[in-house]
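Results of the structural survey
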Amino acid sequence: MSSVELRVWAVEQAGVGVAVDVAAVVGQAVRIWATAGVELRWDGRVRDARVSSAKGDFKDVVLGELAEQVNPEITANGFGWVDVVLLPRLWNRWGVALSLLTGASAGNDGSFAPFTGPVVLVATEASVGAGDRPEFRADACAPLPDRAYPTPPVVLGAGNDLAHELGHVFGLWHTNVRNRHLAKPYTLQGKHVRLLMHETLHTTGEKITEGVDPKRSRGNVAGTSVELDPLTLVTDHEGWCVVLRGEALLPVEADYARKAVDEGLVWKGR
Ligand SMILES: [Zn+2]
């Protein structure tokens, strides 16, 4: 099995700490990637970091503050591991991957700047949107009413987001990207939302209007329990439910990710 080490950080942000079960969130991501033949190794240690900003704007001071604390350990990395940074809040997003493979860096495309190795950030408590309005995971994640989840929905949501961002580190693009390198794009509809690399409907209303009527989302996901189990659901302020992303990886995605891990997370063979 392909194997990569995770170093996990829990960030205290403006005096507020990560309140979710870190081991459970990481465990959810570990479980998802194990199904794709990628072993995420974590020794159980949670490293501490602190930032002053309450929002966590990844273009703001937060990345710089985090980089100062995380980079000294990354310097000797050689991309032998991925740093996983859990923090309460991020600005206008639930997660971000800084990875050579995605060009999703905060600085220039194809760089990790201001970090010196691959880093994944995931907001555990809230995504802060326009007008500094926080959208809380606790309000946003809800299970189907007739279904018992073994893991709290908030943990599923954060864990799936962590697994998704790691997918970017391993070179995977969103399933709806028109020119994506591995398979034809999917539209933001129907059962495809159960895919891990589905672009989330978390925060942006304009994305929802592009292709999905959230009022019909519950109907869109009608299916067998096998299909529904991996899904995380969300309710918005108006009471409707939309599906964020599930856990399923396409075989071609799993193959690609394993190769990236085996080659040290620097494989660029698109
Ligand atoms: Zn993404």
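Residues numbered from 1 in each chain as written. Predicted model: local features only at pLDDT ≥ 70, side-chain atom pairs only at ≥ 80, totals over all residues.

On to the overall build of the chain. Of the regular secondary structure elements, the chain holds eight helices and nine strands. Within the chain, buried positions represent 45% of all 270 residues. (Helix = DSSP H or I, 4+ residues; strand = E, 2+ residues; numbered from the N terminus. Buried ≥ 20, exposed ≤ 12 C-beta atoms within 10 Å, placed from the backbone.)

If you trace the backbone, Arg45 turns up in the loop between strand E2 (38-41) and strand E3 (46-51). Sequence separation between Arg45 and Val8 is 37 residues; the distance between their C-alpha atoms is 7.0 Å.

Let us look at the pairing of strand E4 (residues 81-91). Consecutive side chains along a regular strand alternate between the two faces of the sheet. Burial within E4 is extensive, with nine of its 11 residues counted as buried. Bridge count for strand E1 (residues 2-13) against E4 is six bridges, and the pairing is parallel. In the strand pairing of E4, Val8 is matched with Val84. Bridge analysis of E4 against strand E6 (residues 119-128) gives eight bridges, and the strand direction is parallel. Within the sheet, the bridge partner assigned to Asp83 lies in E6 and is Val119. (Pairing = 2+ DSSP bridges.)

Our focus in this paragraph is the packing of helix H1 (residues 22-34) against helix H4 (residues 153-169). One way to put it is that H1 packs onto H4 with a least axis distance of 8 Å and a crossing angle of 50 degrees. Relative to H4, the element H1 is oriented oblique. Our pair here, H1 against H4, has a crossing hand that is right-handed. Contacts from Ala24, Val25, Gln28, Ala29, Ile32 and Trp33 of H1 reach H4 at Val155, Leu156, Ala158, Gly159, Asn160, Leu162, Ala163 and Leu166. Considering only residue class, the contact of H1 with H4 consists of 11 nonpolar, three polar and no charged. (Axes fitted to C-alpha atoms, helices over the stretch in contact; angles between N-to-C directions. Parallel < 35°, antiparallel > 145°, perpendicular 65-115°, else oblique. Left-handed = near helix turned anticlockwise from the far one by under 90°. Contact = placed C-beta atoms within 7 Å. Nonpolar A, V, L, I, M, F, W, Y, C, P; charged D, E, K, R; others polar.)

Judged by nonpolar contacts, the single largest core of 63 residues is most densely connected at Val85, Leu86 and Val120. It is H4 that contributes the most residues to this core, eight residues altogether. If near-sequence neighbours (up to four positions away) are discounted, Leu86 is found in contact with Trp9, Ala10, Val11, Val18, Val22, Val25, Val122 and Thr124. (Core = buried A, V, L, I, M, F, W, Y, C linked by C-beta atoms within 7 Å.)

With that out of the way, let us pick up H1. For the α-helix, the turn length of 3.6 residues means that residues three or four positions removed from each other point alike. Its 13 residues place the ends of H1 18 Å apart at the C-alpha level, agreeing with the 18 Å of an ideal helix rising 1.5 Å per residue. Those residues of H1 that are buried lie in contact with E1, E2, E3, E4, E6 and H4. (Expected span 1.5 Å × (residues − 1).)

When pLDDT is averaged across the chain, the result is 72; 60% of the residues are at 70 or more. Looking across the chain, the model is least confident in helix H5 (residues 205-211), with a mean pLDDT of 34, and most confident in E2, with 96. The low-confidence segment residues 103-108, where pLDDT is below 50, has 20 contacts with residues more than four positions distant or belonging to other chains. (pLDDT = per-residue confidence, 0-100.)

What follows is about the environment of Ser99. Along the chain, Ser99 turns up in the loop between strand E5 (95-98) and E6. Of the residues examined, Ser99 has 29 C-beta atoms within 10 Å and is grouped as buried.

Further remarks concern the pairing of E2. Because side chains alternate across E2, one face comprises the buried residues Val38 and Leu40, and the other comprises Glu39 and Arg41, none of which is buried. Sheet topology note: the E1/E2 ladder contains four bridges and is parallel. Across the sheet, the residue bridging to Ser3 is Glu39, located in E2.

Counted at 1.5 Å a residue, the expected span for helix H8 (residues 251-262) with its 12 residues is 16 Å, and the 16 Å between its end C-alpha atoms agrees. Turning to H8, its buried residues number three or more, namely Glu253, Ala254, Tyr256, Ala257, Arg258, Ala260 and Val261. One or two residues past the end of H8 sits Gly264, with phi positive at roughly 85 degrees.

With that settled, the discussion passes to the environment of Val82. With respect to the secondary-structure elements, Val82 resides in strand E4. On the neighbour-count criterion, Val82 (26 C-beta atoms within 10 Å) is buried. For Val82, the contacting residues outside a window of four places in its chain are Val4, Leu6, Pro118, Val120, Leu166 and Val169.

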